[in-house]
Amino acid sequence: MSAEKTIRKVYRILEDVTPLKTDCGLLCGGECCKGDDNTGMILFPGEEKFFENSEEFVIKKTTDGKNILICGGRCNREKRPISCRIFPLFPMIVDGRIYVIDDPRASGICPLIFDEMKLRRSFERKVAKAGKILAENEETGELLRKLTDEISEIISMRQDIFG
C-alpha cells in the first residue's frame, strides 16, 4: 500500500475519535494548536500532499529533514494531520509491537498528560490501530521508528535527570 493510501486509512480510523468526550482544547485554551513559524506538527511521508494547496496551513522543513505543518491555531478538525489526531499520545514501536504511551513532548503543555486525566479507551485503541497501520508501510513506518527512537531518548534523559 502506498504512503498516501496508508495516510487515508489512518485518517478514517481516527476520524471520529477524540481524547475526551468534550473538546479538550477548552481545558488549556488550545495550547497544542498554538505554533509559530518554527513549530508545528510532524507530517508522515505522503501526508504533505493533503496540505499542499491549503490556505489554512503552511508546510516547512525542519533542520533534520522532517516536514512539519504549521497552523494559525484553529482548523477544520477533519483536515488535521495524524500528529494532531493522535495527540497527546504516541504509538511507539517496541520489539515489533505497538505500545501507546503519553507523548512526553506533550507533558509541558497538555493538561491531559500533566494532570494525568483519564482518556477515552476508544481513543487509545484507535491510536494503537493507526500505529500498526503506519508501521506496516515502509515509508510511514520508517518515520514512526525514528520518532520512537527520539521519544525513547527523551524518556531516558528525563529518567536520568528526575530518577
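Read on for a plain summary of the structure.

With that settled, the discussion passes to the pairing of strand β4 (residues 89–94). Each regular strand shows side chains that alternate between the opposite faces of the sheet. With five of its six residues buried, β4 lies for the most part within the structure. Note that β4 and strand β5 (residues 97–102) share six bridges and pair antiparallel. Note on β5: the bridge partner recorded for F90 is I101. The antiparallel pairing of β4 with β5 creates a hairpin that spans two residues between the two strands, and D95 there sits at a positive phi of about 50°.

This part takes up the pattern of salt bridges. All told, the structure shown has seven salt bridges when counted by the stated rule. With a closest N to O distance of 2.6 Å, E150 and K66 form a salt bridge. Of the two residues, E150 is situated in helix α6 (residues 138–162) and K66 in the loop between β2 (57–61) and β3 (67–71); the sequence distance between them amounts to 84 residues. Salt bridges sharing partners connect three or more residues here, namely E4, R8 and K49.

A few words now on α6. Taking 1.5 Å per residue, 25 residues should reach 36 Å; α6 reaches 36 Å between its end C-alpha atoms and fits that length. Every buried residue of α6 is listed here: T140, G141, L143, L144, L147, T148 and I151. Considering only its buried residues, α6 is in contact with α1 (3–14), β1 (41–42), β4, β5 and α5 (121–136). Where α6 begins, the capping side chain belongs to N137, and its oxygen is found 2.8 Å from the backbone nitrogen of E139.

Take a positive patch on the surface next. A cluster of basic residues, K9, R12, R125, K126 and K129, forms a positive patch on the protein surface. Of all elements in the fold, only α1 and α5 reach the threshold of two or more residues within the positive patch. It is α5 that contributes the most residues to the positive patch, three residues altogether. Mapped onto the fold, K9 is located in helix α1. According to the relative accessible area criterion, K9 is partly exposed, its value standing at 32%.

Geometry of an aromatic ring pair is reported as the spacing of the ring centres plus the angle between the planes. This structure, assessed with the given rule, holds two aromatic pairs. With centroids separated by 5.3 Å and ring planes inclined at 65°, the aromatic side chains of Y11 and F50 adopt a geometry described as edge-to-face. Here F50 lies in the loop between β1 and β2 and Y11 lies in helix α1, a separation of 39 residues in the sequence. The class of Y11 is buried, set by a relative accessible area of 12%. When the ring of F51 is compared with that of F57, the centres are 5.2 Å apart and the planes differ by 80°; the resulting orientation is edge-to-face. Here F51 and F57 have matching classes, each one buried. The residue whose ring lies beneath R85 is Y11, and the NZ or CZ to ring-centre distance is 4.0 Å.

Criteria and cut-off values
- Residues numbered from 1 in each chain as written.
- Predicted model: local features only at pLDDT ≥ 70, side-chain atom pairs only at ≥ 80, totals over all residues.
- Heavy atoms only, no water.
- Buried < 20%, exposed > 50% of the residue type's maximum accessible area, 1.4 Å probe, protein only.
- Helix = DSSP H or I, 4+ residues; strand = E, 2+ residues; numbered from the N terminus.
- Pairing = 2+ DSSP bridges.
- Salt bridge = Lys/Arg side-chain N within 4 Å of Asp/Glu carboxyl O.
- Expected span 1.5 Å × (residues − 1).
- Contact = heavy atoms within 4.5 Å.
- Polar contact = N/O pair within 3.5 Å; in protein donor to acceptor, adjacent residues only side chain to side chain.
- Patch = residues over 30% accessible without salt bridge, like charges linked within 9 Å, V, L, I, M, F, W, Y side chains within 5 Å.
- Areas by Shrake-Rupley, 256 points an atom, 1.4 Å probe, with all protein chains shown as cover.
- Lys, Arg positive; Asp, Glu negative; His and termini not counted.
- Charge placed at Lys NZ, Arg CZ, Asp CG, Glu CD.
- Phe/Tyr/Trp six-rings, centres within 6.5 Å; stacked < 30°, edge-to-face > 60°.
- Lys NZ or Arg CZ within 6 Å of the ring centre and 35° of its normal.

Remember that the coordinates give geometry; whether it matters functionally is a separate question.
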